[in-house]
Amino acid sequence: MEETQWLVDEMLGRLCRYLRFLGCDVEYVRGLDDSEIVTRCQSEARRLITRDRGLASRLPGSVLLTRTDIGGQLAQLRVLVPSLPRTVSFVRCSLCNGVLGPVQRATLDGPALSQLPPAVRAGTAVLYQCRACHHLYWEGSHTRAIQDRIRRWLDAEP
Ligand SMILES: [Zn+2]
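Residues numbered from 1 in each chain as written. Predicted model: local features only at pLDDT ≥ 70, side-chain atom pairs only at ≥ 80, totals over all residues.

## Focus: the overall build of the protein chain
What counts is decided by this rule: The helix count covers DSSP runs of H or I at least four residues long, the strand count covers runs of E at least two residues long, and both are numbered beginning at the N terminus. Exposed residues have 12 or fewer other C-beta atoms within 10 Å of their own C-beta, buried residues have 20 or more, and partly exposed residues fall in between, where C-beta atoms are placed from the backbone.
Scanning the protein chain from terminus to terminus reveals seven helices and seven strands. Starting at the N terminus and ending at the C terminus, the protein chain contains elements arranged as β-α-β-α-β-α-β-α-β-α-α-β-β-α. Based on the C-alpha atoms only, the size of the protein chain along its principal axes is roughly 50 × 35 × 30 Å. Residue burial in the protein chain is summarised as follows: out of 158 residues, 23% are buried.

As structure tokens, then:
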């Protein structure tokens, strides 16, 4: 089964970041009118997530959310999209949706290394780098906090 590719509109920027933490391919668009969003979804075969009922009605298969809070939105998504991943994974860049890949510390240059806290720079945690924007990711207390938050939201009543 092919992985769903998503598009979220500008009301859902925070949700977009959390879906990327879960490894989802999510494009975030701003400043497009409804027709442009419809065209983009169709031409890129992306499924829309939106809070705009009118827009959702123009694209079959769209996911319409009614909640305004991130926790409620994820709880709704879990019900509407049962296949939604539940685990944080280092697959997609939360900033730009680029693809992440593991990277060796020795191959990083100064500007890249300067993104890292000293303990991570000196440590052994696996590093992942965005192939598009070069942002670095690693497993740590921050990713566990994100995972805990997501789990709490996904387990909540929508
Ligand atoms: Zn990136």
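## Some details on the sheet that holds strand 6 (residues 127–130)
The condition that has to hold: In this description, strands pair whenever DSSP reports at least two bridges between them. For helices, the fitted line uses only the C-alpha atoms of the stretch in contact; every axis is such a line through C-alpha atoms, and the angle between N-to-C directions lies from 0 to 180 degrees.
Spatial strand order, 5-6-7: three strands in an open sheet with antiparallel pairing. The two strands at the open ends of the sheet, each matched to only one other strand, are strand 5 (100–103) and strand 7 (136–138). If you compare each strand with its neighbour and ignore which way they point, the axes differ by 40° on average.

## Some thoughts on the pairing of strand 1 (residues 5–8)
Here is the key point about a regular strand: its side chains alternate between the two faces of the sheet. Applied cut-off: A right-handed crossover is one whose linking path, passing over the helix from the first strand to the second, runs clockwise when the strands point away from the viewer.
Pairing between strand 1 and strand 2 (residues 25–28): four bridges, direction parallel. Bridging from a neighbouring strand, L7 pairs with E27 of strand 2. Taking the sense of rotation as the criterion, the β-α-β connection linking strand 1, helix 1 (residues 13–21) and strand 2 turns out right-handed. Judged from the three bridges that link them, strand 1 and strand 3 (residues 47–50) form a sheet pairing that is parallel. When the bridges of strand 3 are listed, V8 appears paired with I49.

## Notes on the packing of helix 4 (residues 70–80) against helix 7 (residues 141–155)
Keep this limit in mind: Put simply, angles under 35 degrees are roughly parallel, angles over 145 are roughly antiparallel, angles from 65 to 115 are roughly perpendicular, and the rest are oblique. Each crossing gets its handedness from the near helix: less than a right angle anticlockwise from the far helix is left-handed, clockwise is right-handed. Distance between backbone-placed C-beta atoms decides contact: two residues are in contact if it is within 7 Å.
Close contact between helix 4 and helix 7 brings their axes to 7 Å; oriented N to C, the two are set at 60°. If you check the angle between helix 4 and helix 7, you find them oblique. In terms of crossing hand, the pair formed by helix 4 and helix 7 is right-handed. Across the interface between the two elements, G71, L74, A75 and R78 of helix 4 pack against I150, W153 and L154 of helix 7.

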